[in-house]
Structure formats: C-alpha cells, structure tokens
Amino acid sequence: MDITVILPTKNEEECIGEMLRAIQDLNLGRPIIVVDDSDNIKTHEVAMQISRDMDLTFLGGRGNESSSIKYALEKCKTKYAIILDADMSQDPKIIPEMISWLEKGADLCIGSRYCYGGGRGTSSLLSSLGNKFAKFALGLKVDECTS
C-alpha cells in the first residue's frame, strides 16, 4: 500500500516519541511526515532522535493545523495519506483497518474519537458541540460531522 502517515503537532515533545514508536511497531514500512506549528524545537529534536529507523520528514508548520496539514499533503508523494493527532488521542493501531478499507476501494476513511472505540482528546468539548450542532442543523444521523 502506497501510504504516508501525517502527524500535525504543536508542542508535542511529551508524546511524539510514543506516537512514532507505536506507528513503527505496526511494521508498515511507510513514510511519516511530522508537521509542527510551534517555534518549540523540542518536538523536532525528540522526533529526530526516535526516527533513526524510520522514513521521517519533519516540516515547519504554516501557523495553524489546517494549513499545516495541507502543506504536508502537498509534500506527500504517496497515493494515500493518513492523518493522526500526535497526542495519542487517535490510536495508531487503527491504521491497518483504515488501509484495508482503502484497499477495498473506499475513497475516504475517517477514524473518529466520536465513534465506538475512539479516544477523546483535549479538544473534545469544542468538537462535541460542533458535532451536535451539525447533526441538528443538517438532520444527520451520524456521530462525526466535523472531520
């Protein structure tokens, strides 16, 4: 499978190592792009120390998460990209299942912390309110409207 894992970060030096090791433990043999929105060099230092056995690229971000992800996608040279929060609120163990859906022909596969088995991150209150509003306003019967 021709896939890149993209990890948007902002001051994630406390958890980037755990996330990179968890991805490496999956033995996917895939490139990883870490795109960081902070001026804090610590995330970069930790990522580069751990990346010895990985195909890892570290990019400076573009000021916010959305534009940084777009920038990383522009640098991505693979057919597919998986984007995960670096704070471990999205378990990388979901990657093989996501890949299987892509191989079955899915155009988009979203792993959400608002679906069964999803973890909750630090932005859960804002996202939860956004989901409830979108479900009500659009009349949707899905749990994740904000991805």
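Quick note: structure is the one above.
Residues numbered from 1 in each chain as written. Predicted model: local features only at pLDDT ≥ 70, side-chain atom pairs only at ≥ 80, totals over all residues. Heavy atoms only, no water.

Draft legend 1. Quick peek at the overall build of the chain. Each helix and strand in the chain was counted, giving five helices and four strands. Taken from the N to the C terminus, the helices and strands of the chain come in the order β-α-β-α-β-α-β-α-α. Taken across its 147 residues, the chain has 38% of its residues classed as buried. The contacts of the chain with a sequence gap of at least 6 include a subset with a gap of at least 24, amounting to 67%. (Helix = DSSP H or I, 4+ residues; strand = E, 2+ residues; numbered from the N terminus. Buried < 20%, exposed > 50% of the residue type's maximum accessible area, 1.4 Å probe, protein only. Contact = heavy atoms within 4.5 Å.)

Draft legend 2. Up close: the environment of Ile50. Within the secondary structure, Ile50 sits in helix 2 (residues 41–50). Under the relative-accessibility criterion, Ile50 is labelled buried at 17%. When the C-alpha atoms of Ile50 and Arg21 are compared, they prove to be 7.6 Å apart, with 29 residues separating the residues in sequence. The contacts of Ile50, once residues within four sequence positions are left out, are Gly17, Leu20 and Arg21.

Draft legend 3. Molecular detail of the sheet that holds strand 2 (residues 31–36). Strand order in the open sheet formed by four strands is 3-2-1-4, with parallel pairing between adjacent strands. Each of the sheet's edge strands pairs with one partner strand only, and the pair in question is strand 3 (55–60) and strand 4 (80–83). The mean angle between the axes of side-by-side strands here comes to 25 degrees, regardless of whether they run parallel or antiparallel. Note: strand 2 against strand 3, six bridges, orientation parallel. Bridge pairing links Val34 to Phe58 in strand 3. Relative to strand 3, helix 2 is tilted by about 170 degrees, and along the sheet it contacts strand 1 (3–9), strand 2 and strand 3. Of the strands in this sheet, strand 1, strand 2, strand 3 and strand 4 are in contact with helix 3 (residues 65–75), which crosses strand 2 at around 145 degrees. (Pairing = 2+ DSSP bridges. Axes fitted to C-alpha atoms, helices over the stretch in contact; angles between N-to-C directions.)

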